[in-house]
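Each chain is listed here by its residues.
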Amino acid sequence: MRIELEKRANPSTLFSILSPFLALVLTVIAGGIMFALIGKDPVSALYSFFVEPLLDVWSLHEIAIKAAPLILIGAGLSICYRSNNWNVGAEGQFIAGAIAGSIVPVVFHDWHSPLVLPLMLIFGMIGGALYAAVPAFLKAHMNTNEILTSLMLVYIAQLFLDWLVRGPWRSPDAYNFPVTRDFAPEAILPELVSSGRANLGFLLAIVAAVALWIMMRYTLKGFEITVLGQSERAGRFAGFSSKRMIWFSLLLSGALAGLAGISEVSGVIGKLQPIISPGYGFTAIIVAFLGRLSPLGVIAAGLFLALTYVGGEAVQLTLSVSDKVTRVFQGLLLFFVLSCDTLIQYKIRLVFSRLTRSSEGGAQ
Amino acid sequence: MSDVGASGGSPLLAVRSLTKLFGSFAACNGIDLDIQPGETHALLGENGAGKSTLVKMLFGVLAPTSGEILWKGEPVRIASPGAARRLGIGMVFQHFSLFEALTVAENIALSLPPGISLSRVADEAATLSRAYGLPLDPKAHVADLSVGERQRIEIVRALLQNPELIILDEPTSVLTPQEADRLFETLAKLKAEGRSVLYISHRLEEVQRICDRATVLRHGKVTGACDPRRETPASLARMMVGSDVAAVSAAGTTVKGDVLLEANHLNAAARTPFAVSLKDICLKVRAGEVLAIAGVAGNGQGELFDALSGEFPVSDARAVSIRGKAAGNLGITARRLMGAGFVPEERHGHAAVPALPLSDNLVLARNQSDRKTFLAGGILGIIRNAVVRIASRRISETMDVRKSGEDPAAGSLSGGNLQKYIVGRELDRQPAVLIVNQPTWGVDAGAASRIRQALVDLAKAGSAVLVISQDLDEIFEVATEIAVISDGRLSNAYPAQDMTREKIGLLMGGMHGSETSPEAAHAH
């Protein structure tokens, strides 16, 4: 008996809807097996991982806080990937945005004005976009692979931030800890509702995702992105430039990653420190794919991936397992999403060995 | 092989109810076929009739879903091309599998068992090629050879295996008429030696000329078996198509208008190592004219289209003029706005995005030329889907595009129907200039005649039409003027009624203009 993948005549609508859910179920099953193997009761572990965080207000706020950067970055990446440009360096652009946005509250800390926060956000977007401009330039004009260049720039950004908070930007009153001075109150993103910590960043993320969805769904720009992503030659025939698209998609995703970076620093941390992200820029890649590269899908996927962060922290506390379990779940999820997506284009067929001579020969 | 004596009258190769399914689609459906020793057997059919699938099964490239293949009366399973060669079946594919950077002898040695010295291969190849009238230099690099010479390598490669049956898939589609004649002489020699030939083609004239018997396929089924010499081209066409094909009515108008499209010493460097550079191309197309550019594939047709359409503009603005205005350095959008329309050769991924619906593929070509109609919201550029769908339906109706559903994905249409849509998309604008590369490549006969008629009608209505085509029948059907492209150079244009296949063949071989062919120039 063999398993054959057979190409469908048309992509299956059923499986394009079902595939993310199928992937979720398979992730949960594989996760249960993993918990059982390390000697924990899989049912209660999965319960505290996936269900408990949804049951109280505090952790719902935590989910919103963690979903905001994931949705912002993921929405930008989904556009970028749709256009067949593979920015995997959103983590670096996140950090670059955080640094650029922090110029105002760190360097000009004596300046107090309601303009501080909007300026920070704008600087954050510019910082992320400029950092993404490096792989954009290299791809558009030097024909380099943006996957490699954008990824390598992540490590440069991380080390630059590390140097910055240990060196020139280190706070004079932090007892030599590697942090910048605390942001002034007007440099802090306000909270969304009074019941908890979730801040305006979440709203920004939702607005950005919806705006991008409208662009993709209704405008010529969105059409241009779709066409160039599927066939550069057809795009050229339509009068679209793939070079300009490299710039557009990388600058857009970089700007949104930068906005996420400064929102995180301003709304959650309140200062710069060596580590400001638990890998949001990388997790957002999973978010983009789990959300079917659609900005609206990214909202749902971002909320779910945020749950894995919060759930990971929960099982770390209740079952004393390593917080690496979060990464395992995220990895499993990406693996299953990508494999379940195969079912959209292909169907699985079991072929049993047949009897007639000629067709047996045919099965070789 | 020789121990299975061919019993008198039994076929060399017999195929019994051979079927190949791709999913639920039957590419070949219960095919029966007999090939006698020493006969030249034609396999006729339109593109998509299942000819290539059938021979791929015979050569072990594809596995049949059901049915039997009998070789000299014995049922066999052909699991791989190697197994086919061991049985005594050789094949020359439509698309060659040669390494351009290697020499002829090296390419031949690659298909032989290892351990044979290169000089022996070269000697044998040289002997064989002389014996069959296929002149070849074993030391030449493939990259320097013409398409006809490359095909000879493939034939010699097949002959070295000493096959009893040779399968040729559309061998003349890339040859000049003279090269084709030489191929036919070779086939006659093979036949005289008692070898069988399975000859796949959709060109009726050559099948009548060289084949003893013909099997006709349509939609994966055998629709007829006949002696092609006793049939007329019309009766063969009917078997292939299933109905009579409308003849294209005579081209052009007698009154010629202004020059609407002009190339003036157009030069373009090759963009890739295997592309052709354009050298000093001059052409003029007047209102009411159809200028057809003949040529063997790979002589700069695609590059000429790219330069004329503005997909790859040139630096000299005056190298291309559209309606009297210099356009050489402008992109495709600007040229569309000047009144030109374009139909590239490749449908999937160039003229259309297969995964997108037809209406989106309309926006693809006309997003700027019909900006006022199709877009709203000024700088936001919101696509007016309702308007686009109405226009798309109008095009489908005018060109008789048959499709499943209201607005299906372009990739789900057959080649002919998609091509009708792509041509109709431009005609719907009534362009002053239309440039078409291979308008009916891989298109069924019904759609082809419709498309050709539409091109002729557009010229009659006062537009300038430039058709780049490899198909001489098509060229004689639509053209008022004919020029020939060879190695990136364009010959002078001659009135279509003064042109013959022989003259085109000479020009295809690179005899250009007055300096090499004075009598041709006088004919102008």
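Predicted model, so just to flag it, every value in this text is computed and none were measured.

1. Observations concerning the environment of B:Gly411
Residue and element names in this part refer to chain B.
Right, on to step 1. Examined against the element boundaries, Gly411 turns out to sit in the loop between helix H13 (385–399) and helix H14 (415–427).
Right, on to step 2. Judged by its relative accessible area of 36%, Gly411 falls in the partly exposed class.
Right, on to step 3. Between the C-alpha atoms of Gly411 and Trp441, which are 30 residues apart in sequence, the distance is 16 Å.
Right, on to step 4. Filtering out sequence-adjacent residues up to four positions away, Gly411 remains in contact with His348 and Pro354.

2. Some details on the environment of B:Ser309
All names here are of chain B.
Right, on to step 1. The topology assignment puts Ser309 in helix H9 (residues 301–309).
Right, on to step 2. Using a relative accessible area of 0% as the deciding quantity, one classes Ser309 as buried.
Right, on to step 3. With 100 residues separating them along the chain, Ser309 and Ala409 place their C-alpha atoms 25 Å apart.
Right, on to step 4. Only 3.2 Å separates the side chain of Ser309 from the backbone nitrogen of Glu311, close enough to count as a polar contact.

3. Description of the sheet that holds strand E12 (residues 278–286) of chain B
Residue and element names in this part refer to chain B.
Right, on to step 1. Taken in spatial order, the four strands make up an open sheet running E12-E11-E14-E15, and their pairing is antiparallel. Two strands close off the open sheet at either side, each with one partner strand: E12 and strand E15 (325–326).
Right, on to step 2. As paired elements, strand E14 (residues 320–322) and E15 share two bridges and run antiparallel to each other. Note on E15: the bridge partner recorded for Ser321 is Ala326.

4. What to know about the UniProt feature "transmembrane region" (unreviewed entry) in chain A
Right, on to step 1. As annotated by UniProt and renumbered to match this structure, "transmembrane region" (unreviewed entry) occupies residues 12–38, 58–80, 92–109, 115–138, 147–165, 198–216 and 245–263 of chain A.
Right, on to step 2. For residues 147–165 of chain A, the helix share is 100%, the strand share is 0%, and the end-to-end C-alpha distance is 28 Å.

5. Section: unusual backbone geometry
All names here are of chain B.
Right, on to step 1. With phi around 40°, Ser17 is a residue other than glycine that occupies positive phi space.
Right, on to step 2. If you trace the backbone, Ser17 turns up in strand E1 (residues 13–22).
Right, on to step 3. Not every positive phi belongs to a glycine, and Lys72 is a case in point at roughly 55°.
Right, on to step 4. Examined against the element boundaries, Lys72 turns out to sit in the loop between strand E4 (66–71) and strand E5 (74–76).

6. Structural notes on the pairing of strand E3 (residues 40–44) of chain B
Residue and element names in this part refer to chain B.
Right, on to step 1. The element E3 is extensively covered by neighbouring structure, given that five of its five residues are classed as buried.
Right, on to step 2. Burial along E3 is two-sided: the face carrying Thr40, Ala42 and Leu44 and the face carrying His41 and Leu43 are both buried.
Right, on to step 3. Pairing geometry for E3 and strand E8 (residues 196–201), over five bridges, is parallel. Bridged to Leu44 within E8 is Ser201.
Right, on to step 4. As defined by bridge partners, E3 adjoins strand E9 (residues 213–218) across four bridges and the pair is classed as parallel. Among the inter-strand pairings, Leu44 is bridged to a residue of E9, identified as Val216.

7. Focus on the pattern of salt bridges
Residues and elements named next belong to chain B.
Right, on to step 1. Under the defined criterion, the tally for this structure stands at 35 salt bridges over all chains.
Right, on to step 2. Of the charged contacts in the structure, one is a salt bridge between Arg393 and Glu406, with a shortest N-O distance of 2.9 Å. Within this pair, whereas Arg393 is found in helix H13, its partner Glu406 is found in the loop between H13 and H14, the two being separated by 13 residues in sequence.
Right, on to step 3. Owing to a relative accessible area of 38%, Arg393 belongs among the partly exposed residues under this scheme.
Right, on to step 4. Classification of Glu406 as partly exposed rests on a relative accessible area of 44%.
Right, on to step 5. With a shortest N-O distance of 2.9 Å, Arg402 and Asp400 are connected by a salt bridge.
Right, on to step 6. Classification of Arg402 as exposed rests on a relative accessible area of 57%.

8. Things to note about the packing of H13(B) against H14(B)
Residue and element names in this part refer to chain B.
Right, on to step 1. Viewed as axis vectors pointing N to C, H13 and H14 meet at an angle of 115°, and their least axial separation amounts to 9 Å. Relative to H14, the element H13 lies roughly perpendicular. For the crossing formed where H13 meets H14, the hand is right-handed. In this structure, H13 uses Ser392, Ile395, Ser396 and Met399 to contact H14, whose residues at the interface are Lys420, Tyr421, Val423, Gly424, Arg425 and Leu427.

9. A few points about the sheet that holds strand E7 (residues 165–169) of chain B
Residues and elements named next belong to chain B.
Right, on to step 1. An order of E6-E7-E8-E3-E9-E10 is seen for the six strands of this open sheet, with the pairing classed as mixed. Only two strands of the sheet have a single partner each, and these edge strands are strand E6 (89–92) and strand E10 (221–226). With direction set aside, neighbouring strand axes in the sheet form an average angle of 20°.
Right, on to step 2. On the sheet, helix H6 (residues 177–192) packs against E3, E7 and E8 and is oriented at approximately 150° with respect to E8.
Right, on to step 3. Against the sheet, helix H8 (residues 233–241) makes contact with E3, E9 and E10, and its axis sits at roughly 40° relative to E9, the strand it touches most.

10. Focus on the domain arrangement of chain B
All names here are of chain B.
Right, on to step 1. When cut into domains, chain B gives domain 1 (13–241), domain 2 (259–339 + 431–522) and domain 3 (355–422).
Right, on to step 2. A separation of 27 Å is found between the C-alpha centroids of domain 2 and domain 3.
Right, on to step 3. Interface of domain 2 and domain 3: buried area, both sides summed, is about 800 Å²; carbon and sulfur atoms make up 65% of it.
Right, on to step 4. Among the residues domain 2 hides against domain 3, the three largest losses belong to Arg336, Arg450 and Ile451. Together they make up 49% of the total.
Right, on to step 5. Counting across the interface, domain 2 meets domain 3 through zero salt bridges.
Right, on to step 6. Our enumeration of links across domain 2 and domain 3 arrives at three residue pairs in polar contact (both at pLDDT 80 or more).
Right, on to step 7. Listing elements by their share of the side of domain 2 that touches domain 3, those giving two or more residues are helix H10 (332–337) and helix H15 (445–460).

11. Digging into the environment of B:Ala131
Right, on to step 1. Counting through the fold element by element, B:Ala131 comes out in helix H4 (residues 118–131).
Right, on to step 2. Residues B:Ala131 and B:Thr186, spaced 55 residues apart in sequence, show a C-alpha to C-alpha distance of 9.2 Å.

12. A short note on a nonpolar patch on the surface
Right, on to step 1. A cluster of nonpolar side chains, contributed by A:Val210, A:Ile214, A:Tyr218, A:Leu296, B:Ile379, B:Leu380 and B:Ile382, occupies part of the molecular surface with about 640 Å² of accessible area.
Right, on to step 2. A per-element tally of the nonpolar patch places helix H8 (residues 200–218) of chain A first, with three residues.
Right, on to step 3. In this fold, A:Leu296 is placed in helix H13 (residues 295–318).

13. Concerning the packing of helix H9 (residues 220–230) of chain A against helix H11 (residues 242–269) of chain A
Residues and elements named next belong to chain A.
Right, on to step 1. One way to put it is that H9 packs onto H11 with a least axis distance of 11 Å and a crossing angle of 110°. Accordingly, the angle class assigned to the pair H9 and H11 is roughly perpendicular. Viewed along their axes, H9 and H11 form a crossing whose handedness is left-handed. For the pair formed by H9 and H11, the contact residues are Lys221, Glu224, Ile225 and Leu228 on the first element and Ser242, Met245 and Phe248 on the second.
Right, on to step 2. The class makeup of the residues in the contact of H9 with H11 is four nonpolar, one polar and two charged.

14. Side note on the interface of chain B and chain A
Think of interface size as the accessible area that goes away when the parts come together; that is how it is often given.
Right, on to step 1. Taken together, the contact between chain B and chain A spans 39 residues of the former and 25 residues of the latter.
Right, on to step 2. Interface of chain B and chain A: buried area, both sides summed, is about 2500 Å²; carbon and sulfur atoms make up 60% of it.
Right, on to step 3. Among the residues of chain B in contact with chain A, B:Arg77, B:Glu311 and B:Leu364 are the three that bury the most area, contributing 19% of the side total.
Right, on to step 4. The interface formed by chain B and chain A includes two salt bridges.
Right, on to step 5. Viewed at the interface, chain A and chain B are joined by nine residue pairs in polar contact (both at pLDDT 80 or more).
Right, on to step 6. Listed by contribution, the elements that provide at least two residues to the side of chain B that touches chain A are E4, H10, helix H11 (358–366), strand E18 (382–383) and H14 of chain B.
Right, on to step 7. Counting residues per element, the side of chain B that touches chain A draws most heavily on H11(B), at four residues.

15. Quick look at the side chain of B:Gln151
All names here are of chain B.
Right, on to step 1. Turning to its location among the elements, Gln151 is positioned in helix H5 (residues 147–159).
Right, on to step 2. The class of Gln151 is buried, set by a relative accessible area of 4%.
Right, on to step 3. Not counting residues up to four positions away in its chain, the partners in contact with Gln151 are Val92, Phe96, Pro171, Leu175 and Leu183.

Reading the values: rules and limits
Residues numbered from 1 in each chain as written. Chains lettered and ligands numbered in written order. Predicted model: local features only at pLDDT ≥ 70, side-chain atom pairs only at ≥ 80, totals over all residues. Heavy atoms only, no water. Helix = DSSP H or I, 4+ residues; strand = E, 2+ residues; numbered from the N terminus. Buried < 20%, exposed > 50% of the residue type's maximum accessible area, 1.4 Å probe, protein only. Contact = heavy atoms within 4.5 Å. Polar contact = N/O pair within 3.5 Å; in protein donor to acceptor, adjacent residues only side chain to side chain. Pairing = 2+ DSSP bridges. UniProt positions renumbered as here; feature names shortened; annotations may be inferred. Salt bridge = Lys/Arg side-chain N within 4 Å of Asp/Glu carboxyl O. Axes fitted to C-alpha atoms, helices over the stretch in contact; angles between N-to-C directions. Parallel < 35°, antiparallel > 145°, perpendicular 65-115°, else oblique. Left-handed = near helix turned anticlockwise from the far one by under 90°. Domains from an automatic or database assignment. Buried area = accessible area lost by both parts, 1.4 Å probe. Patch = residues over 30% accessible without salt bridge, like charges linked within 9 Å, V, L, I, M, F, W, Y side chains within 5 Å. Areas by Shrake-Rupley, 256 points an atom, 1.4 Å probe, with all protein chains shown as cover. Nonpolar A, V, L, I, M, F, W, Y, C, P; charged D, E, K, R; others polar.

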